[in-house]
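# Reading the structure
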Amino acid sequence: MQDDFDTGRRWHDMGGLPGGSIDRAQHDFALWEKRVDALVILCGNKGLFSVDGLRRALEDMGPQAFEELTYYERWVSACAQNLVECGVITLDELNARMNEVAARGATYGEAQGHGEGGAS
Amino acid sequence: MTAPLPEVVPTGFPPPYPTAGGRFRPGQAVRVRHGMALGHLRTPFYLRGRVGRIERICGDFQNPEELAYNHRNGMALTLYRVRFTMAEIWGETAERPADTLDAEIFEHWLEPSDAA
Amino acid sequence: MPHDHDDHDHAHGHHHHGLSPSGHPYRPDDDTALSRFQVMEIALRELLIEKGIATAPEIMAQVERMDARSPALGARVVARAWTDPAFKARLLADGSAACREMSIEVDALKLVVVENTPQVHNVVVCTLCSCYPRNLLGLPPDWYKARAYRSRVVREPRAVLAEFGTHLPDDVRVQVHDSTADMRYLVLPARPAGTDGWSAERLAELVGRDAMIGVTLARAPEEPAPA
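Residues numbered from 1 in each chain as written. Chains lettered and ligands numbered in written order. Predicted model: local features only at pLDDT ≥ 70, side-chain atom pairs only at ≥ 80, totals over all residues. Heavy atoms only, no water.

Within chain B one finds two helices and five strands. The order of helices and strands in chain B, counted from the N terminus, is β-β-α-β-α-β-β. The burial tally for chain B puts 50% of its 116 residues in the buried class. As displayed, chain B has an accessible area near 5300 Å², and 57% of this comes from carbon and sulfur atoms. (Helix = DSSP H or I, 4+ residues; strand = E, 2+ residues; numbered from the N terminus. Buried < 20%, exposed > 50% of the residue type's maximum accessible area, 1.4 Å probe, protein only. Areas by Shrake-Rupley, 256 points an atom, 1.4 Å probe, with all protein chains shown as cover.)

Okay, structure coming up:
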């Protein structure tokens, strides 16, 4: 579903719409996903942005992101957006650091820095 | 045809959150406003225009419509839990008309209803 | 398919190979191609640390705090309510305060506990996103966050419950709770028959996550325990 400009119903407001059968397969989260969760909670605790700010960014990512990205792929994007909005980081900083991280290696393990933020 | 509004069943315990303040009282019939907004809000579309009864007063909370955009200095608003019948929400297509649904709705999305 | 779980081991101590403490497979992590979103996580974490907003130990502690939360916490609360009527009264009156009594870290959680009775069956959803009592149950299952459950349970709760194998008598009213704002909901299931005299510890084993969301009932003593 897309946002409906006539009624003001947005894509994420799905209560009562048709839905298929419920897929009950489940798995635990990877470490990077747990870290995203932790970053969002800590940013909230420190007053940088609220859970409402996170939700608003997630909603603004639209239905395609909901269908095609995983939960924490959306969360990390929404977290980044809120951090830029509240002035803690700039997009330029984020892009520069992402390029640097991506150049470190081909896997998540290899891309960890060797400073205090990364795996030892 | 809609089923009668559910009477609020008292839990037998004091309400868990403050009941002072706020425009509406437990048991009162209220209608969820129709709203037109594409920003962030927490009033589900399927409840807009529907009549329910105040089940309890949850307390006063900051407005998510402001918090979502990092406006933090607004007035706290009274939040209510409102009980609806499935008949009221879904009309004749309700799976079981007498089943019920509670949702939390902020005061500015509610108006008094004449429903008995 | 062997995975290298060095990173997990650093963060959480040793685990069974290939399985998490809850017995589910880990998602592939540092042994698959680096994704743009993993890169973003590393970059954000490093920037927040460098700017003095968070520390690495603080982030690790938060991961561990969340890992330590599981439906076992909620099950302890339910079992206590089954065995201690005064506690149950306090739990229904103010869920957060009652959990604090049990030294459960509820943080800012505003917990509303809703009791299943012979007349009412409760089931919880968040149609707008995926609000969930994570302090008591851990992170929500994937289906709770997915379109099918969020869309359908407010419209056809009995059909959804039936998919979970839960069939309610006609004279039971289904009460759906849509967590639209600041409250979080925990269902207090009915205590199964045939458990007279059981200790709270033994009773807690009958209380699964899905029963506290309200899509199933507490397990009867004669039903086999889940694997």
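Structure shown, so let's carry the discussion forward.
Moving on: the pattern of salt bridges. The final tally for this structure, using the stated rule, is 36 salt bridges over all chains. Taking the shortest distance from any N to any O, the salt bridge between A:Glu100 and A:Arg97 comes out at 3.6 Å. Placement of both A:Glu100 and A:Arg97 in helix H4 (residues 91-102) is noted, with a separation of three residues, approximately one turn of the helix. Here C:Glu46 makes a salt bridge to A:Arg104, at a shortest N to O gap of 2.8 Å. On the criterion of chain membership, the pair formed by C:Glu46 in helix H2 (residues 36-50) and A:Arg104 in the loop between H4 and helix H5 (108-111) is interchain, its members lying in two chains. Taking the relative accessible area as the measure of exposure, C:Glu46 reaches 7% and is therefore buried. Members of the salt-bridge network, linked through shared partners, are A:Arg97, A:Glu100, A:Arg104, C:Glu46 and C:Glu50. (Salt bridge = Lys/Arg side-chain N within 4 Å of Asp/Glu carboxyl O.)

Further remarks concern the pairing of strand E4 (residues 100-106) of chain B. By the criterion of burial, E4(B) is predominantly enclosed, with seven of the seven residues buried. The alternating pattern of E4(B) places B:Thr100, B:Asp102, B:Glu104 and B:Phe106 on one face and B:Leu101, B:Ala103 and B:Ile105 on the opposite face, and all of these are buried. For strand E3 (residues 77-85) of chain B and E4(B), the ladder comprises seven bridges, and the chain directions are antiparallel. Across the sheet, the residue bridging to B:Phe84 is B:Leu101, located in E4(B). In this structure, E4(B) lies alongside strand E3 (residues 173-178) of chain C, joined through four bridges in parallel fashion. When the sheet's bridge partners are listed, B:Asp102 is paired in E3(C) with C:His177. (Pairing = 2+ DSSP bridges.)

A separate point is the UniProt feature "binding site: Fe(3+)" (unreviewed entry) in chain C. The residues that UniProt annotates with the feature "binding site: Fe(3+)" (unreviewed entry) are C:Cys126, C:Cys129, C:Ser130 and C:Cys131. Take C:Cys126: it is sitting in the loop between strand E2 (120-125) and helix H7 (134-137). The exposure class assigned to C:Ser130 is buried, which follows from its relative accessible area of 13%. Leaving out residues up to four positions away in the same chain, C:Ser130 has contacts with A:Tyr71, C:Pro140, C:Tyr144 and C:Lys145. Among the polar contacts listed, one links the side chain of C:Ser130 to the side chain of A:Tyr71, at a separation of 3.3 Å. (UniProt positions renumbered as here; feature names shortened; annotations may be inferred. Contact = heavy atoms within 4.5 Å. Polar contact = N/O pair within 3.5 Å; in protein donor to acceptor, adjacent residues only side chain to side chain.)

If you trace the seven strands from one edge of the open sheet to the other, you get E5(B)-E1(B)-E2(B)-E3(B)-E4(B)-E3(C)-E2(C), paired in mixed fashion. The open sheet is flanked by strand E5 (110-112) of chain B together with E2 of chain C, the only strands paired with a single partner. Pairwise comparison of adjacent strand axes, ignoring direction, gives a mean angle of 35° for this sheet. (Axes fitted to C-alpha atoms, helices over the stretch in contact; angles between N-to-C directions.)

General note: in soluble globular proteins, nonpolar side chains tend to be found buried as a group. Counting 81 residues, the largest nonpolar core has B:Leu101, B:Leu110, C:Leu136 and C:Tyr149 as its most contacted members. Sequence-distant contacts of B:Leu110, that is, excluding residues within four places in its chain, are made with B:Arg23, B:Phe24, B:Val30, B:Arg31, B:Val32, B:Arg33, B:Ile54, B:Tyr80, B:Val82 and B:Ile105. Counting residues in each nonpolar core, the second largest holds 44 residues, with A:Phe29, A:Leu48, A:Tyr72 and A:Cys79 among its members. (Core = buried A, V, L, I, M, F, W, Y, C linked by side-chain atoms within 4.5 Å.)

So, on to helix H3 (residues 56-67) of chain C. All names here are of chain C. Its 12 residues place the ends of H3 17 Å apart at the C-alpha level, agreeing with the 16 Å of an ideal helix rising 1.5 Å per residue. Listed as buried for H3 are Ala56, Ile59, Gln62, Val63 and Met66. Angular distribution of buried residues about the axis of H3 spans 130°; they occupy a single face of the element. (Expected span 1.5 Å × (residues − 1). Arc of directions from axis to C-beta.)

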